[in-house]
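Observations on the model geometry
One letter stands for each residue in the lines below.
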Amino acid sequence: VLSVGRVALRSRVFILHEYGAPRHFAGLYHMAQEERLAVASGEFDLPKQVGRLILGRPHASWGRLAHNLAFLLRVSRMSKELVIVGAAPYDPIVVWLRRIKARNEVVYFTSWPFWDGGRCPKAPLLGVQRDLWHGFLQGLRAVAVSGAAQRALDARGAQAVHIPHCVDTDLFHPRTSAIGKRAPTTVLFVGQLIERKGMEQLIAVIRDHARGDTAFWFVGRGPYGEQIKALEAAGR
């Protein structure tokens, strides 16, 4: 059912993620709802979960903590399974991930394009931590949600493919007006107006392909702000 590169077809998959697996892997959960794939998932950042419980934060519960602990124990014992790993670059959990990789078929998932150590969510504190991660990535199948992330993984020895985030077409789809005609389309961009967010491509779409029934809205700041204003002034 699931194939990434030369990864064998599988009927079930285990997702090991720091947080929010259903949000990051909506496509796999959709397949599970259609009974085309069995999906099990758990979160590995147990210290943060304990901290949220102590502080009484929303979405924290002892039941959730117990589920994640049981899942981690299950993953530790299993072999020859397909495990999708979503972990930030240079997370210390790499020591355990290398053991999981040795016994299972692992696919690494990330959207992070920076591996220089300076802009990582969890910058390496020790040189050995960086070495362990680079060893983990060698020959590893990987999924990157952007071209930049794919190139960064390939440069470190992984075998990455570019698969953008999925879109829920039940939630996002063309509307129809009260008289049965297709309603105007609004394209909303929220984020920094910078190149790595795809601004060059988006501006090209507005300039070359935008129609009168499509409105583009931008929420953010950045170097491309003046070009956006110029397109607005030109009636695009």
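Before reading further, recall that the structure is shown in the block above.
A short tour of the structure in this document, coming up. (Residues numbered from 1 in each chain as written. Predicted model: local features only at pLDDT ≥ 70, side-chain atom pairs only at ≥ 80, totals over all residues. Heavy atoms only, no water.)

**A closer look at the packing of aromatic side chains**
Tallied over the full model, the rule gives eleven aromatic pairs. Considering the side-chain rings of Tyr108 and Phe136, the 6.3 Å spacing of their centres and the 80° angle between planes classify their relative orientation as edge-to-face. Of this pair, Tyr108 sits in strand E4 (residues 105-110) while Phe136 is found in helix H6 (residues 127-137), placing the two residues 28 residues apart along the sequence. Put simply, the rings of Tyr90, Tyr108, Trp115, Trp133 and Phe136 pair up and form one aromatic cluster. Just above the ring of Tyr90 sits the side chain of Arg130; from NZ or CZ to the centre is 5.4 Å. (Phe/Tyr/Trp six-rings, centres within 6.5 Å; stacked < 30°, edge-to-face > 60°. Helix = DSSP H or I, 4+ residues; strand = E, 2+ residues; numbered from the N terminus. Lys NZ or Arg CZ within 6 Å of the ring centre and 35° of its normal.)

**Describing the nonpolar core**
Grouped together as the largest cluster of nonpolar side chains are 31 residues, with contacts concentrated most on Leu16, Tyr108, Trp133, Phe136, Leu137 and Leu153. Those elements that place two or more of their residues in this core are strand E1 (12-17), helix H4 (62-77), strand E3 (82-86), helix H5 (94-103), E4, H6, strand E5 (141-144) and helix H7 (147-154). Among residues more than four places away in sequence, those in contact with Phe136 are Val94, Leu97, Arg98, Lys101, Val106 and Tyr108. Among the nonpolar cores identified, the runner-up in size contains 13 residues, and Ile15, Phe25, Leu28 and Met31 belong to it. (Core = buried A, V, L, I, M, F, W, Y, C linked by side-chain atoms within 4.5 Å. Buried < 20%, exposed > 50% of the residue type's maximum accessible area, 1.4 Å probe, protein only. Contact = heavy atoms within 4.5 Å.)

**Quick notes on the sheet that holds strand E2 (residues 38-43)**
What the six strands build is an open sheet, ordered E2-E1-E3-E4-E5-E6; its pairing is parallel. Taken across any chain shown, the strands that pair with only one partner, and hence form the sheet edges, are E2 and strand E6 (159-162). Adjacent strand axes in the sheet meet at a mean angle of 25°, parallel and antiparallel pairs treated alike. In this sheet, E5 lies alongside E4 in parallel orientation, the contact comprising four bridges. From the neighbouring strand, Phe109 faces E5, where its bridge partner is Val143. (Pairing = 2+ DSSP bridges. Axes fitted to C-alpha atoms, helices over the stretch in contact; angles between N-to-C directions.)

**Brief notes about the pairing of strand E7 (residues 185-190)**
Bridge count between E7 and strand E8 (residues 214-219): six bridges; the pairing is parallel. Following the sheet pairing, Val190 is matched in E8 by Val219. Each parallel crossover has a hand, and for E7 linked through helix H8 (residues 199-209) to E8 it is right-handed. (Right-handed = clockwise from strand over helix to strand, strands pointing away.)

**What about the environment of Glu34?**
By the element assignment, Glu34 lies in the loop between helix H2 (26-33) and E2. Residue class for Glu34 comes out partly exposed when judged on its relative accessible area of 42%. Remark: the alpha-carbon pair of Glu34 and Val83, spanning 49 residues in sequence, is separated by 20 Å. Here the side chain of Glu34 touches Arg36 through a polar contact of 2.9 Å, side chain to side chain. (Polar contact = N/O pair within 3.5 Å; in protein donor to acceptor, adjacent residues only side chain to side chain.)

**Remarks on H5**
The α-helix advances 3.6 residues per turn, and as a result positions three or four apart in sequence lie on the same side. Those residues of H5 lying buried are Val94, Trp96, Leu97 and Ile100. Taken down its axis, H5 places every buried residue within 150° of arc, on the same side. Residues of H5 that are exposed and point over 90 degrees away from its buried face: Val95 and Ala102. On its buried side, H5 packs onto E1, H4, E3, E4 and H6. (Arc of directions from axis to C-beta.)

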